[in-house]
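What follows is the residue order along each chain.
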Amino acid sequence: MRDVAFVFFLAAVLCVSVGMAWGIQMAISQDHLMSGAHAHLNLVGWTTMALFGIYYRLTPHAAATWLARLHAGTAILGVLVMVPGIALAITSGEPALASVGALLTALSMAIFLFTVLRNGLGSRSTRTE
Ligand code: HEM
């Protein structure tokens, strides 16, 4: 597996590429029904995961742990489940998939909270806590 900062950044760029294409499609069709799903793909997928990637690049000792890999797995799976789940909830009123995705996404943020508390921000030589 490539380093976790790269994995987060690649996932983030893929999310915003799809999210922008989706936004352009909504704008051209003037059908904004899916704006909630588009918004979550961009904000949780792009913004949040890019911030995770930057954090792990700034804090290499946090990136070198199994917890960081678990964090990446839950965060990426969370977006992959939550965004189609929101689309499904909008179109059919069925919230189960969105709920599973939301729980995975919340779990990934709980892991990140623990990671920040345990490792601080920055490399050990320039540590900020
Ligand atoms: C090519 C780029 C993008 C296009 C063409 C686009 C297009 C759109 C469109 C047409 C809507 C529906 C607006 C409405 O129903 O009022 C929307 C909603 C939204 N977009 Fe995008 N978008 C783009 C990129 C982004 C990015 C990068 C983000 C966040 C980082 C983002 C966040 C949002 C949010 C939060 C909403 C919901 C706004 C609301 O419901 O009030 N979008 N976008």
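Our structure's up above, just so we're on the same page.
The present account deals with the structure reproduced in this document. Every value quoted in this text rests on a predicted model; they were computed, and no experiment measured them.

Regarding unusual backbone geometry
Point 1. Phi is positive for Gln-30, close to 55°, though the residue is something other than glycine.
Point 2. Among the structural elements, Gln-30 can be located in the loop between helix H1 (4-29) and helix H2 (35-58).

Considering the packing of aromatic side chains
Point 1. This structure, assessed with the given rule, holds 6 aromatic pairs.
Point 2. Taking 5.8 Å as the distance between ring centres and 5° as the angle between the ring planes, the aromatic pair formed by Phe-8 and Tyr-56 counts as stacked. Linking Phe-8 in helix H1 with Tyr-56 in helix H2, this pair joins segments that are 48 residues apart in sequence. For the residue pair Phe-8 and Tyr-56, the accessibility class agrees, reading buried in each case.
Point 3. These aromatic residues form a ring-pair network of at least three members: Phe-8, Phe-52, Tyr-55, Tyr-56 and Phe-112.

Regarding the environment of Val-79
Point 1. Within the element layout of this structure, Val-79 appears in helix H4 (residues 66-92).
Point 2. C-alpha of Val-79 to C-alpha of Leu-97: the two residues are 18 residues apart in sequence and 11 Å apart in space.
Point 3. Non-local contacts of Val-79, meaning those with residues more than four positions away in its chain, are made with Cys-15, Leu-41, Val-44, Gly-45, Met-49, Pro-84 and Thr-105.

Procedures and definitions
- Residues numbered from 1 in each chain as written.
- Predicted model: local features only at pLDDT ≥ 70, side-chain atom pairs only at ≥ 80, totals over all residues.
- Heavy atoms only, no water.
- Helix = DSSP H or I, 4+ residues; strand = E, 2+ residues; numbered from the N terminus.
- Phe/Tyr/Trp six-rings, centres within 6.5 Å; stacked < 30°, edge-to-face > 60°.
- Buried < 20%, exposed > 50% of the residue type's maximum accessible area, 1.4 Å probe, protein only.
- Contact = heavy atoms within 4.5 Å.

Fair warning: the whole summary comes from geometry, so function is off the table for now.
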